[in-house]
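Structural overview
These are the residues of each chain, in order.
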Amino acid sequence: MPRVPAHLRERALSMLQGGMRTADVARAINCNVRAVRRLRQRYRETGRTADHPRSGRPRVTTPAQDRYIQTSHLMERYRMAKTTDRVTPGKHNPSISAQTACNRLREAGLRACRPVVRQVLTRHHRQQRRLWAQTHRRWNRQDKQKVLFTDESWFCLTRGDGRIRNYRRRNERYIEACTLERDRFGGGGSIMIWDDVSQHHGTELGVIAGNLNAVRYREDILLPHVVLFLQAHPDMTLQHDNATSHTARSERDFLQDRNISVLPWPAKSPDLNPIEHVWYLLDRKVRARDIPPQNVCELAGALVEERGNISPQELSNLVQSMRRRCTAVLNAAGGHTRY
């Protein structure tokens, strides 16, 4: 981690004394939150902001290499730090690593692209995904209109670098210095919502109280939303994934007693469900609000409001992408796709 200059240390200290949060100060001077916390602790103990002495480890990259690292990531935005470390010319020191490349990018206000972490697909998973895609690849427009795609997702009040982290030692959980004031930080927590996507129809967005289980799925989702809708449209089929709360015996009996047909679904296949893109749209719309939600109730209201702002044409385009999704799965031999 590069050393924070003296003028930035003084600026950070004045911000802290003015009542700003540690995360806001770190974002303002472009450094890590822990560096600001160490700065505040050092000022309390010594009364100075001077940095502690270091071992004097020499810089392993030259200025030309630093410019190459920064320029290459400006030209190729999806480049990873490991790739830059491997192709950096003129490496005279073998100790350069991907972390060194990330540090040089951070100095210029840039970030390296991180590889996508995906679910592990076994041979059986790939085979089932390929068979499902072969069966449903020739869906016509009428077939896709008869499916109600559903899923659940978590939405948090804060995310990314804005998360509130509280580091503590053993047996320091409830001391005053390690306790966050909820009113000061505007609330916290997350909420789980349920939604559906179809060609021309849809239900209201459902809010799930607590973690999802078979009882809550039946009482909060199936009874007030799914059953009424599918009984009004008996030609439609319900789609949900293979979560435990969906495949429980009580849920299967409940749906069978009400003559609700369920679409067979391959395991570990979120890329085949078009509703995954709805979560991205909702998250982007809520984050773009002028006044972001401050508590869970406001977050739920914002999600319901922004769900109504999604046009039917966008939902129709997502449903119509099922053929392209099946083709992508077949081209990947049942593996991961770009969806």
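Rules used in this analysis
- Residues numbered from 1 in each chain as written.
- Predicted model: local features only at pLDDT ≥ 70, side-chain atom pairs only at ≥ 80, totals over all residues.
- Heavy atoms only, no water.
- Helix = DSSP H or I, 4+ residues; strand = E, 2+ residues; numbered from the N terminus.
- Buried < 20%, exposed > 50% of the residue type's maximum accessible area, 1.4 Å probe, protein only.
- Contact = heavy atoms within 4.5 Å.
- Areas by Shrake-Rupley, 256 points an atom, 1.4 Å probe, with all protein chains shown as cover.
- Arc of directions from axis to C-beta.
- Core = buried A, V, L, I, M, F, W, Y, C linked by side-chain atoms within 4.5 Å.
- Axes fitted to C-alpha atoms, helices over the stretch in contact; angles between N-to-C directions.
- Pairing = 2+ DSSP bridges.
- Salt bridge = Lys/Arg side-chain N within 4 Å of Asp/Glu carboxyl O.
- Phe/Tyr/Trp six-rings, centres within 6.5 Å; stacked < 30°, edge-to-face > 60°.

- Per an unreviewed UniProt entry, the recorded name for the protein chain is Tc1-like transposase DDE domain-containing protein, and the organism is Oncorhynchus mykiss.

1. As for the overall build of the protein chain
- Secondary structure assignment for the protein chain yields 15 helices and 4 strands.
- The 339 residues of the protein chain split such that 37% are buried.
- Expressed as a percentage of contacts within the protein chain between residues at least 6 apart in sequence, the contacts between residues at least 24 apart total 71%.
- Summed over its atoms, the accessible surface of the protein chain is roughly 20900 Å², and 49% of this surface lies on carbon and sulfur atoms.

2. Remarks on helix α2 (residues 22–29)
- Every buried residue of α2 is accounted for by Thr22, Ala23, Val25, Ala26 and Ile29. Along the axis of α2, the buried positions cluster into a sector of 160°, meaning they face one direction only.
- In the stretch just after α2, Asn30 is the one whose phi turns positive, near 60°.

3. A short note on the nonpolar core
- With 32 residues, the main nonpolar core has Trp132, Phe155, Ile193, Val278, Leu282, Leu299 and Leu303 as its most contacted residues.
- Once residues within four sequence positions are removed from consideration, Trp132 is found in contact with Leu263, Pro264, Trp265, Pro266, Leu272, Met322 and Cys326.
- Counting 16 residues, the second largest nonpolar core, distinct from the first, contains Ile208, Ile221, Phe254 and Leu255.

4. A few points about helix α15 (residues 322–331)
- If you check which residues of α15 are buried, you get Met322, Arg325, Cys326, Ala328, Val329 and Leu330.
- In the core, the buried residues of α15 are packed alongside α7 (123–136), α8 (141–145), β1 (147–156), α12 (276–287) and α14 (312–320).

5. Details of the side chain of His246
- On the secondary structure map, His246 appears in helix α10 (residues 244–247).
- Sequence-distant contacts of His246, that is, excluding residues within four places in its chain, are made with Glu152, Leu212, Tyr217, His240, Asp241 and Glu251.

6. Here we look at the environment of Ala64
- Of note, Ala64 is situated in helix α4 (residues 63–75).
- Under the relative-accessibility criterion, Ala64 is labelled partly exposed at 45%.
- Counting along the chain gives 25 residues from Ala64 to Pro89, while the straight-line C-alpha distance between them is 9.5 Å.

7. Here's the deal with the packing of α14 against α15
- Across the interface, α14 lies against α15 with an axial gap of 5 Å and an inter-helix angle of 35°. Residues Asn317, Leu318, Val319 and Gln320 of α14 lie in contact with α15, whose contacting residues are Met322, Arg323, Arg324 and Arg325.

8. Observations regarding unusual backbone geometry
- At Asn259, a position not held by glycine, the phi torsion is positive, near 55°.
- You can call Asn259 exposed: its relative accessible area is 74%.
- Its identity is not glycine, yet Ala333 carries a phi of approximately 55°, on the positive side.
- Looking at Ala333, the relative accessible area reads 42%, which means it is partly exposed.

9. Describing the pairing of strand β2 (residues 190–197)
- β2 sits mainly inside the fold: 7 of its 8 residues count as buried.
- Summarising the sheet, β1 and β2 pair through 8 bridges and their orientation is antiparallel. From the neighbouring strand, Phe155 faces β2, where its bridge partner is Ile191.
- As judged from the 3 bridges shared by β2 and strand β3 (residues 206–208), these two strands associate in the antiparallel manner. Across the sheet, the residue bridging to Met192 is Ile208, located in β3.

10. Some words on the pattern of salt bridges
- Going through the model one piece at a time under the given rule, you end up with 10 salt bridges.
- Salt-bridge contacts for Asp195 lead to Arg307; the nearest nitrogen and oxygen are separated by 2.4 Å. With Asp195 in strand β2 and Arg307 in helix α13 (residues 296–309), this pair connects stretches of sequence that are 112 residues apart.
- Judged by its relative accessible area of 0%, Asp195 is buried.

11. Remarks on the side chain of Asp196
- Turning to its location among the elements, Asp196 is positioned in strand β2.
- Ignoring sequence-local partners within four residues, the contact set of Asp196 consists of Leu148, Phe149, Thr150, Gly202, Thr203, Ile275 and Arg307.

12. Examining the packing of aromatic side chains
- The final tally for this structure, using the stated rule, is 3 aromatic pairs.
- Centroid distance Trp132 to Trp139: 6.1 Å. Interplanar angle 75°. Geometry classified as edge-to-face. As far as burial versus exposure is concerned, Trp132 and Trp139 are alike and both buried.
- Geometrically, the ring pair formed by Phe155 and Trp279 is edge-to-face, given 6.1 Å between the ring centres and 75° between the ring planes. Here Phe155, found in strand β1, pairs with Trp279, found in helix α12; they are 124 residues apart in sequence, far enough to count as distant.
- The exposure class assigned to Trp279 is buried, which follows from its relative accessible area of 6%.
- Through successive ring pairs, a cluster of aromatic residues spans Trp132, Trp139 and Trp265.

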